[in-house]
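Given next are the chains, with one letter for each unit.
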Amino acid sequence: MIGLLVVILGAMMVFPFLADLIEGRGEWPVFLQSGLITILGGALLALSCDSDKHDGLSIQQTFLLTTFVWVALPLFGALPLMLGATELSFTDAFFEAMSGLTTTGSTVISGLDDLPKGLLLWRGILQWLGGIGIIVVAMVFLPELRVGGMQIFKSEAFDTFGKILPRAQAIAKQISLIYVGLTVACMLVYFSLGMGGFDALVHAMTTVSTGGFSNYDGSFGTFSGPAEYAAAVFMILAALPFVRYVQLVNGHTQPMLLDSQIRVFLATILVLVVVTAGVLVTVFPHHPEQALREALFNITSIISGTGYASVDYMKWGSFLITVFFFIGLIGGCAGSTACSVKIFRYQLLFASIQVQIQRIRSPHGVFVPRFEGRPVGPDVLSSVISFFMFFVLTMGIVAWALALTGLDFITAISGAATAVANVGPGLGETIGPAGNFATLNERRQMDPQQCDVDWASGNDGRLCHPHAAVLALLKRRHSKAPGLCSGRFTQGRSDRWRSQTSPQDGYAQSFSLTGALTPAHQCCRCR
């Protein structure tokens, strides 16, 4: 199955190939080469795994399948980004492709306005394919795998036990038609509001997939105005359970109207938009309509995990910045293209807390947590609580690792949150709504050979040595011993050293290894 998906990915490269061919910038060979490599690689993988047995997948096989799919597809999806005009390194290209297929929306590319249309379309296609993949995985595989409480939706996903692949094809067909319909509708609305045809197509794909890639460095701020209202509507629609759309198309309207997830999700957006707009009107010089529009668009973008930004909300004050951090950890509804924790898990968590409080108040009473009127078993609650614990633990580990590379607290914790929750932008000047992730790549390099080059040239060599983290945490004071330096190797970069050193005592804000240096490599304080 992985090989067939890789072949499909390669076949999709024909569209950016045609876009480059029509644009006439001579970039079309990139997608021709990448497409042939991808199709050939996928075909060989499919043939090597071909078997006459067509039994249902076991739980273990399903886990492996879902994992390897999200590893294999970004590997091949990164090819045009490495071979094309961006000329990204493997790390950057893999990051960009993974961000696209997981609909995270974080980017390492600057100068989007001048990129060939083929690459811009390819970024949109990656997110569009990732969006439909997330829906199918959420409604077909995760209930079967009993991950994060998703087994509660097993009956709504048409009970696929023992028949994962056949039922996946049936469900994917129905959902795909609705997904394509929403994309076309979004594109037509964008086009009617003044977007060019190409921009309307790409942004429709990244809106419905709640991915957030844009054709411009200014993100959706390029289209401020009525398009923001339209984008907010389609982001909300994409964050609703797609199984409800299937039921709606089949003539069953009641499930959509009575779904508690949808009601809580819409109520949450309403409250957050009212609060944010109120702050913008009272604290900042915003016209009421502008405040409402910017609040609606950006709140919806972050809570759904889309990651568009129409303004730099880092300028909205510490209160709203904190709000944006936490709403990124909420997410949309289960079975949608939205990411993060999801509304239903918070509902189950609060239901469990409510039951525990009732048991404390009435020790002899019998209380059972319920979700949409149905009793929730202890296995579901255990799975949800485990998900929360693992989510927080993973975010903490990633934030700690980022902090060890020298990032400030806000950048490290928001970078970890946006990566784990698949939101897109973080907070701060570096990875906030006005920045991107390009500057973080070198900080994560662990190649010993590159570290040797960095040491010799005077660049930052942190984390290339097993004791670097310890030294960074201890923050050893500047050594006075001749030929020794506990600061960063500068070799002619004394301005950089002084900008990171307190003028009073020379206490460095970031540290590398302590080692014997030649006079040419000593820091400015040792010369």
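What counts and how
Residues numbered from 1 in each chain as written. Predicted model: local features only at pLDDT ≥ 70, side-chain atom pairs only at ≥ 80, totals over all residues. Heavy atoms only, no water. Helix = DSSP H or I, 4+ residues; strand = E, 2+ residues; numbered from the N terminus. Buried < 20%, exposed > 50% of the residue type's maximum accessible area, 1.4 Å probe, protein only. Contact = heavy atoms within 4.5 Å. Areas by Shrake-Rupley, 256 points an atom, 1.4 Å probe, with all protein chains shown as cover. Salt bridge = Lys/Arg side-chain N within 4 Å of Asp/Glu carboxyl O. Patch = residues over 30% accessible without salt bridge, like charges linked within 9 Å, V, L, I, M, F, W, Y side chains within 5 Å. Expected span 1.5 Å × (residues − 1). 1 Å grid on protein atoms, 1.4 Å probe; cavity = no way out; pocket = protein on both sides within 12 Å on 5 of 7 lines; lining within 4 Å. Points joined across faces, edges and corners; volume = space filled by probe spheres on them. Nonpolar A, V, L, I, M, F, W, Y, C, P; charged D, E, K, R; others polar. Core = buried A, V, L, I, M, F, W, Y, C linked by side-chain atoms within 4.5 Å. Polar contact = N/O pair within 3.5 Å; in protein donor to acceptor, adjacent residues only side chain to side chain. Phe/Tyr/Trp six-rings, centres within 6.5 Å; stacked < 30°, edge-to-face > 60°. Lys NZ or Arg CZ within 6 Å of the ring centre and 35° of its normal. Axes fitted to C-alpha atoms, helices over the stretch in contact; angles between N-to-C directions. Parallel < 35°, antiparallel > 145°, perpendicular 65-115°, else oblique. Left-handed = near helix turned anticlockwise from the far one by under 90°.

A. Representation of the overall build of the protein chain in the model. Counting its regular elements, the protein chain contains 22 helices and 4 strands. For the protein chain, with 527 residues in total, the buried portion stands at 50%. Summarising the internal contacts of the protein chain: among those between residues at least 6 apart in sequence, 69% fall at separations of at least 24. As displayed, the protein chain has an accessible area near 24200 Å², and 66% of this comes from carbon and sulfur atoms.

B. Molecular detail of the pattern of salt bridges. Going through the model one piece at a time under the given rule, you end up with 6 salt bridges. Across the pair E372 and R244 runs a salt bridge, and its minimum N-O distance is 4.0 Å. You can see E372 sitting in the loop between β1 (370-371) and β2 (374-375) and its partner R244 sitting in helix α11 (residues 242-249), a full 128 residues away along the chain. Taken together, the shared-partner salt bridges connect E228, E289 and R293 into one network.

C. Layout of the environment of E27. In this structure, E27 sits in the loop between α2 (14-23) and α3 (28-48). It is 7.3 Å that separates the C-alpha atoms of E27 and P116, two residues lying 89 residues apart in sequence. Here E27 is in contact with D20, G84, A85 and P116, once residues within four sequence places are set aside.

D. Structural context of a nonpolar patch on the surface. Residues V14, F15, L18, L21, I22, W28, L32 and L36 make up a contiguous nonpolar surface patch of about 760 Å² in total accessible area. Elements with a minimum of two residues in the nonpolar patch: α2 and α3. At 5 residues, the largest contribution of residues to the nonpolar patch is made by α2. Among the structural elements, V14 can be located in helix α2. For V14, a relative accessible area of 37% puts it in the partly exposed group.

E. Broad picture of helix α9 (residues 197-208). Here α9 is 12 residues long and its end C-alpha atoms lie 16 Å apart, about the 16 Å a rise of 1.5 Å per residue gives. Here α9 lies mainly inside the structure; 9 of its 12 residues are buried. All of the buried residues in α9 are D199, A200, V202, H203, A204, M205, T206, T207 and V208. Note on α9: the residue one or two positions beyond its end, T210, has a positive phi of about 45 degrees.

F. Layout of empty space enclosed by the protein. Inspection of every chain in the model, using the stated rule, returns 4 cavities of 30 Å³ or more. Space inside the largest cavity adds up to approximately 120 Å³. Going through the elements one at a time, α15 (318-327) and α18 (409-420) are the ones with two or more residues in the lining of the largest cavity. When residues in the lining of the largest cavity are grouped by element, the largest group, 3 residues, is from α18. A breakdown of the residues in the lining of the largest cavity according to their chemical character gives 9 nonpolar, 4 polar and no charged.

G. Expanded view of the nonpolar core. Core analysis: the biggest nonpolar cluster contains 111 residues, and W122, Y190, F220, F242, F265, I327 and L348 have the highest contact counts within it. Those residues within four positions of F242 in sequence are excluded, and the remaining contacts are I135, I175, I178, Y179, L182, L237, G335, S336 and T337.

H. Quick peek at the side chain of N215. Looking at the element boundaries, N215 is found in the loop between α9 and α10 (226-238). Judged by its relative accessible area of 2%, N215 falls in the buried class. Reaching out from N215, the side chain makes a polar contact with the side chain of D199 at a distance of 2.8 Å. Not counting chain neighbours up to four residues away, the residues in contact with N215 comprise L112, D113, L120, F198, D199, V202 and H203.

I. Spatial organisation of the environment of W122. One can find W122 in helix α7 (residues 117-145). Since its relative accessible area comes to 0%, W122 is described here as buried. Sequence separation of W122 and G77 is 45 residues, and the distance between their C-alpha atoms is 8.7 Å. Those residues in contact with W122 that lie beyond four places of it in its chain are L9, M12, M13, P16, F31, G77 and P80.

J. Unusual backbone geometry, seen in detail. Positive phi is not limited to glycine here, since T103 has a value of about 55 degrees. Within the secondary structure, T103 is located in the loop between α6 (90-101) and α7. The phi dihedral of K342 falls on the positive side, at around 95 degrees, and the residue is not glycine. With respect to the secondary-structure elements, K342 resides in the loop between α15 and α16 (343-361).

K. Examining the packing of aromatic side chains more closely. A full pass over the atoms with the stated rule returns 20 aromatic pairs. Measuring from ring centre to ring centre gives 5.0 Å for F220 and Y308, while their planes differ by 45 degrees; the resulting arrangement is tilted. With F220 in the loop between α9 and α10 and Y308 in the loop between α14 (288-303) and α15, this pair connects stretches of sequence that are 88 residues apart. Members of the aromatic cluster, joined through ring pairs, are Y190, Y216, F220, F223, F297 and Y308. Above the face of the F387 ring, R345 is positioned so that its terminal group lies 3.9 Å from the ring centre.

L. Representation of the packing of helix α4 (residues 59-77) against α6 in the model. Taken N-terminus to C-terminus, the directions of α4 and α6 make an angle of 125 degrees; their axes are 8 Å apart at the nearest point. As judged from the angle between their axes, α4 and α6 are oblique. The two elements α4 and α6 meet at a crossing, and its hand is right-handed. Contact residues: W70, V71, L73, P74, L75 and G77 in α4; F90, F94, A97, M98 and L101 in α6. Class assignment for the residues of the contact of α4 with α6 results in 10 nonpolar, 1 polar and no charged.

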